Amino acid sequence: MAKDKTIYTCNECGGTTPKWLGKCPHCQAWNTVIESVAEPSTATKNNRFASLAKTAEVVALADIEATDMERTPTGLDELDRVLGGGIVEGGVVLIGGDPGIGKSTLLLQALDALQRSGQKTLYVTGEESGAQVALRSRRLGIVNSQVQVLAEIQLEKILATLQTHRPQIAVIDSIQTVYSDQLTSAPGSVAQVRECAAHLTRAAKASGVAIVLVGHVTKEGALAGPRVLEHMVDTVLYFEGDTHSSFRLVRAIKNRFGAVNEIGVFAMTEHGLKGVSNPSAIFLSQHAEPVPGSCVMVTLEGTRPLLVEIQALVDSGGPSPRRLSVGLDKDRLAMLLAVLHRHAGIACMDQDVFVNAVGGVRISEPAADLAVLLSITSSLRGKPLPKGFIAFGEVGLAGEVRPAPRGQERLKEAAKLGFSVAIVPKANAPKKPIEGLTIHAVERVEQAMEVVRGF
C-alpha cells in the first residue's frame, strides 16, 4: 500500500513546507510547523468551493439599492450596545475570551431571551453534551427554555441542520471543535478553522441566519487560528476580565454594522451575567475623604464616557528608581515625568513612581496624561486634590495641553455624576457654562499646576 504523502504546516499562518523546519519561512514563527497528511488532488476536492462562487454582474454603485439593516435586540442591553443595536440578519459574529470567562453563559442567556421574544434559535455545542448545557441553564435559573440544542462537530451535519430547521440565530460553540470531512487535518488546525468558518459565513449570507462563532484564544490572548478568521466575519468581540473579579468587559474590535471600541460591562452573579448600567461606579474608589495621589479622569470607550480613577504613589527610591504603571503605557509615564520636570519644575528623578488605573481597566488614549501628572504631583506633595475634582487632556513634549476628542460629552457625564471642579484643555472649554461644574481651562502644564496649588 502506498504511503500517504506528508507535508508540514505552520499553525500560525497556514504556510506549508516539504520538510520540517524549526522556523516557519513564511511568518518567521518558531516551533509552529507540524506534520500533516497532504490532501488528495481529486476532482471533488478541487471543486469543493464551487457552491460558494455565485454568479454576479457588474453594477454601478449608485444603482445598488441600499437599505438599513434591521436589528434584533438580544434582550441584554450591554451586549446590544457592543453589537451596535442588536443582531443583524445574515451577520457573523466572532466572540473570543479566556477559558471560564463566561462566553457560553452569555450566549446561552442571549439565545434564551431571543427565543422568548419569538425568534427561532439553535445552540450547536462541540465542547459539551446536551445534558451539560441543560445543567448549566438550570444553574443560571433558565427554566422551560425552548432553545434548540445540537451536540455536533461535523460541519456538513451542522450545515444540513441549519438548512432544515432554518433558525434565525445560531451559535457555534466553538469554531475550533468543528471539522469538515473534506479535510484530513484535525479539528482546530489552521486549515479546518479557515474552511469551516468560510462555509458557515457563506451559509449565513445565503440564508439570512445570524451566526455567532465562539473562538478560543492563545496564551498571549489573541484569537487562536489564522488571522484571516477575523477578516471573514462581520463583528469581532473580545471578552475581557479578571477571573478574580466579578466584572467582565465585552469589547468590539471590529464591527461592520456599528462603532468599534464600544464596550459592554457585565457583572457575574449566581444567575449568570447581568448588565451594569452605570459602569463608572466600578472604576471609582469610594473614599470618605479625598486622599493624596488620586485624580479622576473621563475616558471614552467607544461612544460611552467612563469616569476612571487614576492613583499614583511617589516614594523615595534608591539609585535606580522604579517606574511602574498598571493599565497605562509605562513608556508614556516616563515621558510625562520628563515633561513634569522640564516644564513644571517638579523633579521625581530620585523617586519611585507607581501609577494605577483603578478597576483593572486599560486606558490607551492620551487624554489621561493630565490626570496622571496631577495625581503624581498630589502624591509628591502629600496634599489631596479637592473633592469632586476631574481632569483630562493630552500633554505634549513642549509642555502644552492638547484637547481631547468629544470634550463636551466628558464634561456633561462628570457633571451628571456630581463632580464640581474640572481642569481641561482650553480648546475643550464649553461655550456655555455647565450647571454645577467649575471649569479651569489651561494651555500648558505649568498653568494646571498653578491652578492645583490654589486649591
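Student: Tell me about the overall build of the protein chain, residues and numbers included.
Tutor: A count of helices and strands for the protein chain gives 11 helices and 23 strands. Referenced to the eigenvectors of the C-alpha coordinate spread, the extents of the protein chain come out at roughly 85 × 55 × 55 Å. When burial is assessed residue by residue, the protein chain has 48% of its 455 residues classed as buried. For the protein chain, long-range pairs separated by at least 24 residues make up 65% of all intrachain contacts whose partners lie at least 6 apart in sequence. Of the accessible surface of the protein chain, which amounts to about 22,800 Å², a share of 52% is contributed by carbon and sulfur atoms.

Student: Account for the packing of helix α3 (residues 103–116) against helix α4 (residues 130–139), with residues named and values stated.
Tutor: At their nearest, the axes of α3 and α4 sit 11 Å apart, and the two run at 75° to each other. As far as their axial angle goes, α4 and α3 are roughly perpendicular. Counting all contacts with α3, which are made through S104, T105 and L108, the residues of α4 involved are V133, R136 and S137. Counted by class, the contact of α3 with α4 contains 2 nonpolar, 3 polar and 1 charged residues.

Student: An account of the nonpolar core is needed here, citing residue identities and associated values.
Tutor: Among the nonpolar cores identified, the biggest contains 47 residues, and I310, V355, I363, L374, I376 and I423 are the most heavily contacted of them. Those residues in contact with I363, other than ones at most four positions away along the chain, are M297, T299, V308, I310, G327, L328, A357 and A368. Listed in part, the 30 residues of the second largest apolar core include L106, L108, L140 and F239.

Student: Tell me about the pairing of strand β15 (residues 294–301), and name the residues and values.
Tutor: Most of β15 is tucked away, with 8 of its 8 residues classed as buried. Burial along β15 is two-sided: the face carrying S294, V296, V298 and L300 and the face carrying C295, M297, T299 and E301 are both buried. Note that β15 and strand β16 (residues 304–316) share 8 bridges and pair antiparallel. Within the sheet, the bridge partner assigned to E301 lies in β16 and is R304. Linking β15 back to β16 in an antiparallel pair, the connection comprises 2 residues, with G302 at a positive phi of about 70°.

Student: Account for the environment of N278, with residues named and values stated.
Tutor: One can find N278 in the loop between β14 (272–275) and β15. Owing to a relative accessible area of 34%, N278 belongs among the partly exposed residues under this scheme. Linking N278 and L307, residues 29 residues apart in sequence, is a C-alpha distance of 10.0 Å.

Student: Which residues make up helix α8 (residues 330–344), and what values do they have?
Tutor: With 15 residues, α8 should cover 21 Å at 1.5 Å per step; its first-to-last C-alpha distance of 20 Å lies within 8% of that length. Residues of α8 that are buried: L333, L336, L337, V339, L340 and A344. Mapping the buried residues of α8 onto a view down its axis gives an arc of 160°, with all of them on the same face. Pointing more than 90 degrees away from the buried face of α8 are the exposed residues D331 and R342.

Student: Go over the packing of helix α9 (residues 369–381) against helix α11 (residues 445–453), please, and point to the residues and values.
Tutor: Here α9 crosses α11 at 45°, and the two axes come no closer than 11 Å. Here α9 lies oblique to α11, going by the angle between them. The handedness of the crossing between α9 and α11 is right-handed. Facing α9, whose interface residues are L370, L373, L374, T377 and R381, α11 presents V445, A448, M449, V452 and R453. Considering only residue class, the contact of α9 with α11 consists of 7 nonpolar, 1 polar and 2 charged.

Student: Just give me the short version of the packing of aromatic side chains, but keep the residues and values in it.
Tutor: Two measures describe an aromatic ring pair: the distance that separates the ring centres and the angle between the ring planes. The full count for this structure, using the stated rule, is 1 aromatic pair. With 5.8 Å between their ring centres and 70° between their planes, F389 and F455 make a pair best called edge-to-face. One end of the pair, F389, is in strand β19 (residues 389–391); the other, F455, is in the segment after α11, and 66 residues separate them in sequence. F455 sits in the partly exposed class, given a relative accessible area of 33%. Above the plane of the ring of F392 lies R410, whose end atom (NZ or CZ) is 5.5 Å from the centre.

Student: If you had to explain the environment of R342 to someone new, which residues and values would you point to?
Tutor: One can find R342 in helix α8. Residue R342 is classed as exposed on the basis of its relative accessible area of 70%. Counting along the chain gives 56 residues from R342 to A398, while the straight-line C-alpha distance between them is 9.0 Å.

Student: I'd like a rundown of the sheet that holds strand β13 (residues 263–269), residues and numbers included.
Tutor: What holds strands together in a sheet is hydrogen bonding between their backbones, with the strands either parallel or antiparallel. Strand order in the open sheet formed by 9 strands is β8-β7-β9-β10-β6-β11-β12-β13-β14, with mixed pairing between adjacent strands. The strands lining the two open edges of the sheet, one partner per strand, are β8 (148–151) and β14. Strand-to-strand twist in this sheet, taken as the mean axis angle between neighbours without regard to direction, amounts to 25°. Bridge count for strand β6 (residues 92–97) against strand β10 (residues 210–215) is 5 bridges, and the pairing is parallel. Paired with V93 across the bridge in β10 is V212. Across the face of the sheet, α3 comes into contact with β6, β7 (121–125), β9 (169–173), β10, β11 (235–240), β12 (247–255), β13 and β14 while running at roughly 155° to β7.

Cut-off values and rules
- Think of each chain on its own: its residues are numbered from 1, step by step along the sequence as written.
- In keeping with the model being predicted, local features are shown solely for residues with a pLDDT of at least 70 and side-chain atom pairs are shown and tallied solely at 80 or more, while totals for entire chains, interfaces and linings include all residues.
- Note that the side-chain values use all heavy atoms of the structure and ignore hydrogens as well as water.
- Helix and strand assignments come from DSSP, with helices taken as H or I runs of at least 4 residues and strands as E runs of at least 2, each series counted from the N terminus.
- Only protein chains enter the accessibility calculation, which uses a 1.4 Å probe; a residue whose area is less than 20% of its type maximum is buried, one above 50% is exposed, and one in between is partly exposed.
- We call two residues contacting when some pair of their heavy atoms lies within 4.5 Å.
- Only the protein chains shown count as cover for residues, and the accessible areas themselves come from Shrake-Rupley with a 1.4 Å probe.
- For helices, the axis comes from a line fit to the C-alpha atoms of the stretch in contact; other axes are also lines fit to C-alpha atoms, and the angle between any two N-to-C directions lies between 0 and 180 degrees.
- For this classification, under 35 degrees means roughly parallel, over 145 means roughly antiparallel, 65 to 115 means roughly perpendicular, and everything else is oblique.
- Under the grouping applied here, Gly and all other residues not named as nonpolar or charged are polar, the nonpolar ones being Ala, Val, Leu, Ile, Met, Phe, Trp, Tyr, Cys and Pro and the charged ones Asp, Glu, Lys and Arg.
- Residues belong to one nonpolar core when they are buried, are Ala, Val, Leu, Ile, Met, Phe, Trp, Tyr or Cys, and are joined through side-chain atoms within 4.5 Å.
- Any two strands between which DSSP finds at least two bridges are classified as paired.
- To estimate how far a helix should reach, multiply one less than its number of residues by 1.5 Å.
- Read the arc as the range of directions from the helix axis to the C-beta atoms.
- Two helices cross in a left-handed way if the nearer one is turned anticlockwise from the farther one by less than a right angle. They cross in a right-handed way if the turn is clockwise.
- In summary, the pairing rule links any two rings of Phe, Tyr or Trp, Trp by its six-membered ring, whose centres are within 6.5 Å, and it sorts them by plane angle into stacked for under 30 degrees, edge-to-face for over 60 and tilted for everything else.
- For a lysine, the NZ atom is tested; for an arginine, the CZ atom; a charge sits over a ring if that atom is within 6 Å of the ring centre and within 35 degrees of the ring normal.

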